[in-house]
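Structural features, examined
What follows is the residue order along each chain.
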Amino acid sequence: MGAPALPWGSPAAIHSGLCIFEGKVPAGNILASAPSDRNLGAFQESGCRTTHCNLEVLQDSTLVFLATKPHVLPGVLQEIRPAVCPHHIIVSLAAGVTLQTLQRLLPAGTKVLRLMPNLPCVVQAGAMVFSRGDGAGEQEAALLKSLLSSCGLCEEVPESYINIHTGLSGSGVAYVYLFAEALAEGAVKMGMPGPLASRIAAQTLLGAAKMMLETGEHPAKLRGDVCTPGGTTIHALHQLEKGALRATVMSAVEAATNRACDMGKD
Ligand SMILES: NC(=O)c1ccc[n+]([C@@H]2O[C@H](COP(=O)([O-])OP(=O)(O)OC[C@H]3O[C@@H](n4cnc5c(N)ncnc54)[C@H](OP(=O)(O)O)[C@@H]3O)[C@@H](O)[C@H]2O)c1
């Protein structure tokens, strides 16, 4: 917090569950809107302004995040459409709502971007991808990337990667939790208390992930480094291969990606 006001005007949100802009934008520059106070309390506690009027957000702000449930979004776009001007940058988080749909429901030439976050954004360790619509340029992409970098990794990708990101990372968080749970349960089976096993499982995932990011090494190389010939790890990895862990996880990513594609067609 304490960042200077941004030259492009006040960012705003028509509801956002993300801890976005931390350290980059004064909370008072953010205006969040939703029909009820259910989610707005968290914004108020962070020092953001709130309203129940979506049009007020458009009047107040330049950068507008749309984070309603996907089925609600067309109605919101219809409501705000008359107030959308060329200076607005509209960012949709709604899963499955394509740039083509967003562009169809907004005035021609609107600067629109589609963003896909994941849950760890709330602890500033998210993995996000976004794609630009026809009206959005390098400047809008750079702005979004710069602001969202405070929530984690943020990459611009072709729109066709967004559903893959859902399969890899949006849903992937749940696969990792399942793996963490299984790791800890293995330790409990061998006699370690559950809470300690859970903490160590989480730290193991965190450390392994950090090494992958910081060294830039392929995971197969890092895995090989842990395998002493005839040692404990290679015996354990043999069990995981017998259980087809690798093929199962690949199928999980494929299933979630295909489901995301199907949901976009509903
Ligand atoms: N959560 C994630 O990790 C994640 C990841 C990727 C994408 N997304 C996308 O993010 C979006 C939000 O998901 P969520 O889990 O955060 O849902 P959520 O907690 O239910 O939030 C949706 C918000 O939209 C508000 N809303 C409903 N109707 C509205 C309207 N007409 N105008 C303005 N605001 C309205 C709701 O207000 P009330 O509080 O009054 O009900 C609520 O605060 C979804 O499109 C989802 O696909 C989420």
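Everything numeric here is computed off the predicted structure, so don't read it as measured data.

1. Description of the packing of helix H7 (residues 172–189) against helix H8 (residues 194–215)
Direction vectors running N to C along H7 and H8 enclose 135 degrees, while the axes themselves pass 8 Å from each other. The orientation of H7 relative to H8 falls into the category oblique. Classified by chirality, the crossing of H8 by H7 is right-handed. From H7, Val 176, Phe 179, Ala 180, Leu 183, Ala 184, Ala 187 and Val 188 reach across to H8, where they touch Gly 194, Ala 197, Ser 198, Ala 201 and Leu 205. In terms of residue class, the contact of H7 with H8 is made up of ten nonpolar, two polar and no charged.

2. A look at the domain arrangement of the protein
Accessible area lost when the parts come together is the quantity often used to give the size of an interface. Split into domains, the protein comes out as domain 1 (11–158) and domain 2 (170–265). Spacing between the C-alpha centres of domain 1 and domain 2 amounts to 32 Å.

3. Concerning the site of the ligand
Residues in close proximity to the ligand total 21 residues, the closest being Ser 36, Asn 39, Asn 54, Thr 68 and Ala 95. Within the contact set of the ligand, an oxygen atom lies 2.5 Å away from a side-chain nitrogen or oxygen of Ser 36. At 3.0 Å, a side-chain N or O of Asn 54 approaches a nitrogen atom of the ligand. Protein burial of the ligand: of its 900 Å² of free accessible surface, 74% is covered by the chains. Residue classes in the shell around the ligand are distributed as 13 nonpolar, six polar and two charged.

Rules behind the numbers
All residue numbers refer to position in the chain's written sequence, counted from 1. Local features in this predicted model are restricted to residues whose pLDDT is 70 or higher, and side-chain atom pairs enter the listing and the counts only when it is 80 or higher, whereas totals over whole chains, interfaces and linings include all residues. Note that the side-chain values use all heavy atoms of the structure and ignore hydrogens as well as water. Convention adopted: a line fitted to C-alpha atoms gives each axis, helices being fitted over their contacting stretch, and angles between N-to-C directions are expressed from 0 to 180 degrees. Each helix is a run of H or I in the DSSP string that is no shorter than four residues. Each strand is a run of E no shorter than two, and both are numbered from the N terminus. For classification purposes, angles smaller than 35 degrees are called roughly parallel, those larger than 145 roughly antiparallel, those between 65 and 115 roughly perpendicular, and all remaining angles oblique. Here a crossing is taken to be left-handed if its near helix is turned anticlockwise relative to the far helix by less than a right angle, and right-handed if that turn runs clockwise. Should any heavy atoms of two residues lie within 4.5 Å, those residues are counted as being in contact. Residues are sorted three ways: Asp, Glu, Lys and Arg are charged, Ala, Val, Leu, Ile, Met, Phe, Trp, Tyr, Cys and Pro are nonpolar, and all the rest, Gly among them, are polar. Note that the domain bounds were set by an automatic or database domain assignment. Nearness is judged by heavy atoms alone; a residue qualifies as near a molecule or strand once a single heavy atom is within 4 Å of it. Polar contact is the term for a pair of N or O atoms within 3.5 Å; when the atoms are in protein, one must be able to donate a hydrogen and the other to accept it, and sequence-neighboring residues count only if both atoms are side-chain atoms. For the accessible areas, the method is Shrake-Rupley and the probe is 1.4 Å, while residue cover comes only from the protein chains on display.

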